[in-house]
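Structural features, examined
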Amino acid sequence: MATGRPDSTPPASGRPDADRRRALEVLEGLRSYLVAESAMQRRSEKSMNLTVNDISALRYLLRARERGIAVGPKELGDYLGIQSSSITVLLDRLEKAGHIRREPSPFDRRALIIVPAVPIDEIHRAILGDVREELVDVAAALDDDESRTVIRFLDRLRDAIDNIGDVTSQGPKRPSR
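Every value quoted in this text rests on a predicted model; they were computed, and no experiment measured them.

**As for the environment of A64**
Secondary-structure assignment places A64 in helix 2 (residues 52–67). C-alpha separation for the pair A64 and P116, spaced 52 residues apart in sequence, amounts to 9.6 Å. With near-sequence residues (within four places) excluded, A64 lies in contact with I69 and V71.

**Overview of helix 4 (residues 84–96)**
With 13 residues, helix 4 should cover 18 Å at 1.5 Å per step; its first-to-last C-alpha distance of 18 Å lies within 8% of that length. Restricting attention to buried positions, one finds in helix 4 the residues I87, L90, L91 and L94. Projected down its long axis, helix 4 carries its buried residues within an arc of 95°, all on one side. Buried positions along helix 4 lie against helix 2, helix 3 (73–80), strand 1 (100–104) and strand 2 (112–116). Downstream of helix 4 by one or two residues, G98 has phi in the positive range, about 85°.

**What about the packing of helix 2 against helix 4?**
Helix 4 packs onto helix 2 with a crossing angle of 75° between their chain directions and a minimal axis gap of 11 Å. Considered as vectors, helix 2 and helix 4 are oriented roughly perpendicular to each other. On the side of helix 2, the interface is formed by N53, D54, A57 and L58, while helix 4 contributes L90, R93 and L94. For the contact of helix 2 with helix 4, the per-class residue count stands at four nonpolar, one polar and two charged.

**Focus: the confidence of the model for the protein**
With 77% of its residues at a pLDDT of 70 or more, the protein shows a mean pLDDT of 80. Averaged pLDDT values over the elements of the protein bottom out at 54 in helix 5 (residues 123–128) and peak at 94 in helix 3.

**What to know about the pattern of salt bridges**
Counted according to the given criterion, the structure contains twelve salt bridges. D19 is the salt-bridge partner of R22, the closest N and O atoms lying 3.3 Å from each other. In this pair, R22 and D19 both sit in helix 1 (residues 17–48), three residues apart, roughly one turn of the helix. The class for D19 is partly exposed, based on a relative accessible area of 32%. Notably, a salt bridge pairs D78 with K74, separated by 3.0 Å at the nearest N-O pair. Of the two residues, D78 and K74 are both situated in helix 3; the distance of four residues between them amounts to about one turn of the helix. The same class applies to D78 and to K74, which are both exposed. Among the charged side chains, a salt-bridge network with shared partners connects D92, E95 and R102.

**Here's the deal with helix 3**
Those residues of helix 3 that sit buried are L76, G77 and L80. All buried residues of helix 3 lie within an arc of 100° about the axis, which places them on one face of the element. Within helix 3, the exposed residues directed more than 90 degrees away from the buried face are K74 and D78. Tucked inside the fold, the buried residues of helix 3 contact helix 2 and helix 4. Two residues or fewer after helix 3 comes G81, characterised by a positive phi angle close to 75°.

Cut-offs applied
Residues numbered from 1 in each chain as written. Predicted model: local features only at pLDDT ≥ 70, side-chain atom pairs only at ≥ 80, totals over all residues. Heavy atoms only, no water. Helix = DSSP H or I, 4+ residues; strand = E, 2+ residues; numbered from the N terminus. Contact = heavy atoms within 4.5 Å. Expected span 1.5 Å × (residues − 1). Buried < 20%, exposed > 50% of the residue type's maximum accessible area, 1.4 Å probe, protein only. Arc of directions from axis to C-beta. Axes fitted to C-alpha atoms, helices over the stretch in contact; angles between N-to-C directions. Parallel < 35°, antiparallel > 145°, perpendicular 65-115°, else oblique. Nonpolar A, V, L, I, M, F, W, Y, C, P; charged D, E, K, R; others polar. pLDDT = per-residue confidence, 0-100. Salt bridge = Lys/Arg side-chain N within 4 Å of Asp/Glu carboxyl O.

Structure below.
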């Protein structure tokens, strides 16, 4: 077991104990925030008459549109972790509500891509959802360097999460004894 002394053995992760503790504190703070944000999102869903998957799909599509990436139904279903029959129902619902359009793929005339039908000036509001001034005040208190650090961290964390496969296939890594 590492004791924090220079001659001690580092934990199985290869990180010093202090680095691991700090990382876990950051992730716990983020987890706590996500619980609060999830509760706020559920309140918003009720008022907007959208499901969690509807909002997740729209955010994914809007993010892809900003990056110039075309998204098909299969890719969206894979991202959301839902079957093709469920993605069809979701897309039918979003299309009927005017949130998306199905268009022919520019790459394969037999395929469709899903395009968000949100006007350009509403993209950021749609991605962020119900942005309260209280939240804007907290973010506005960050200086430029802090803002860039937070954004870079969250983007990297999101990308890491997006690249994790089946989360049930691996349990938490435990240090060997």
